[in-house]
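Listed here are the chains, written in short residue letters.
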Amino acid sequence: MKEQTEVGKLKEGRYVVVDDEPCRIVAIAISKPGKHGAAKSRIDCIGIFDGVKRSIVQPVSAKTYVPVVERKMAQVISIAGTTVQLMDVKDFEMFELNLTEEQVAGLEPGKEIPYISSLGKKKLE
């Protein structure tokens, strides 16, 4: 799920969709309008799920998409190697996440953990 907003209304720490990937905004630089052009905005951001650094340059008045990022709680159902089966506490949706060895070490079945969900992707906080 995503919403549309103007580039000029974005702030650092918020989220934006770049290349169909939800990203957290790290820095915004706005140039002054020139004699024949509108003010431009350069947005540097980092992907929430893949950690890749991206940047976009658009006019301040242009429209862009902002993802709906939800923080939810899930209960650990089972652990098989580095694959963990989780169930959302509110709507009882079942899903699996592939985690690192360090993340799996602190988990046990029945424990509730927070996770982030946006644009159909999920990861632990």
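Residues numbered from 1 in each chain as written. Predicted model: local features only at pLDDT ≥ 70, side-chain atom pairs only at ≥ 80, totals over all residues. Heavy atoms only, no water.

The protein is annotated in an unreviewed UniProt entry as Translation initiation factor 5A from Methanoculleus chikugoensis. Entered under Function (unreviewed entry) in the UniProt record, the comment concerning the protein runs "Functions by promoting the formation of the first peptide bond." The UniProt entry for the protein carries this comment under Sequence similarities (unreviewed entry): "Belongs to the eIF-5A family." (UniProt positions renumbered as here; feature names shortened; annotations may be inferred.)

Draft legend 1. Spotlight on the pattern of salt bridges. Tallied over the entire structure, the rule returns 7 salt bridges. For D50, the salt bridge goes to R54, with nearest N and O atoms at 2.9 Å. Close ionic contact of E70 with K72 constitutes a salt bridge, the shortest N to O distance being 3.5 Å. E70 sits in the partly exposed class, given a relative accessible area of 37%. For K72, a relative accessible area of 23% gives the class partly exposed. One continuous salt-bridge network, built from bridges that share partners, spans D19, D50 and R54. (Salt bridge = Lys/Arg side-chain N within 4 Å of Asp/Glu carboxyl O. Buried < 20%, exposed > 50% of the residue type's maximum accessible area, 1.4 Å probe, protein only.)

Draft legend 2. Structural context of the sheet that holds strand β10 (residues 112-118). As summarised here, the arrangement of the 5 strands in space is β9-β8-β7-β10-β11, forming an open sheet in which the pairing is antiparallel. The open sheet has two edge strands with one neighbour each: β9 (94-98) and β11 (121-124). On average, adjacent strands in this sheet sit at an angle of 45 degrees to one another, irrespective of strand direction. Pairing analysis gives 6 bridges linking strand β7 (residues 70-80) to strand β8 (residues 83-88), with the strands arranged antiparallel. Bridge pairing links Q75 to M87 in β8. (Pairing = 2+ DSSP bridges. Helix = DSSP H or I, 4+ residues; strand = E, 2+ residues; numbered from the N terminus. Axes fitted to C-alpha atoms, helices over the stretch in contact; angles between N-to-C directions.)

Draft legend 3. Structural detail: the sheet that holds strand β2 (residues 15-18). Strand order in the open sheet made by the 4 strands is β2-β3-β4-β5, with antiparallel pairing throughout. The open sheet has two edge strands, β2 and β5 (53-59), and neither has a second partner. Averaged over all pairs of adjacent strands, the angle between their axes in this sheet comes to 45 degrees, without regard to strand direction. The pairing of strand β4 (residues 40-47) with β5 spans 7 bridges and is antiparallel. Bridge pairing in β5 links S41 to Q58.

Draft legend 4. Molecular detail of the packing of aromatic side chains. Inspection of every chain in the model, using the stated rule, returns 1 aromatic pair. Ring geometry for F95 against Y115: centres 5.0 Å apart, planes inclined by 50 degrees, an arrangement best described as tilted. Here the residue F95 occupies a position in strand β9, and Y115 occupies one in strand β10, the gap between them amounting to 20 residues. Each member of the pair F95 and Y115 is classed as buried. Its end group placed over the ring of Y65, K2 keeps NZ or CZ at 4.7 Å from the ring centre. The ring of F95 has K122 sitting right over it, with the charged end atom 5.1 Å from the ring centre. (Phe/Tyr/Trp six-rings, centres within 6.5 Å; stacked < 30°, edge-to-face > 60°. Lys NZ or Arg CZ within 6 Å of the ring centre and 35° of its normal.)

Draft legend 5. Examining the nonpolar core more closely. Residues A74, V76, V84, L86, F95, L97, L99, V104, L107, I113, Y115 and L124 constitute the largest nonpolar core, which totals 12 residues. Listed by contribution, the elements that provide at least two residues to this core are β7, β8, β9 and β10. Sequence-distant contacts of L99, that is, excluding residues within four places in its chain, are made with T82, V84, V104, L107 and L124. Within the second largest apolar cluster, 10 residues are counted, among which are L10, V16, C23 and C45. (Core = buried A, V, L, I, M, F, W, Y, C linked by side-chain atoms within 4.5 Å. Contact = heavy atoms within 4.5 Å.)

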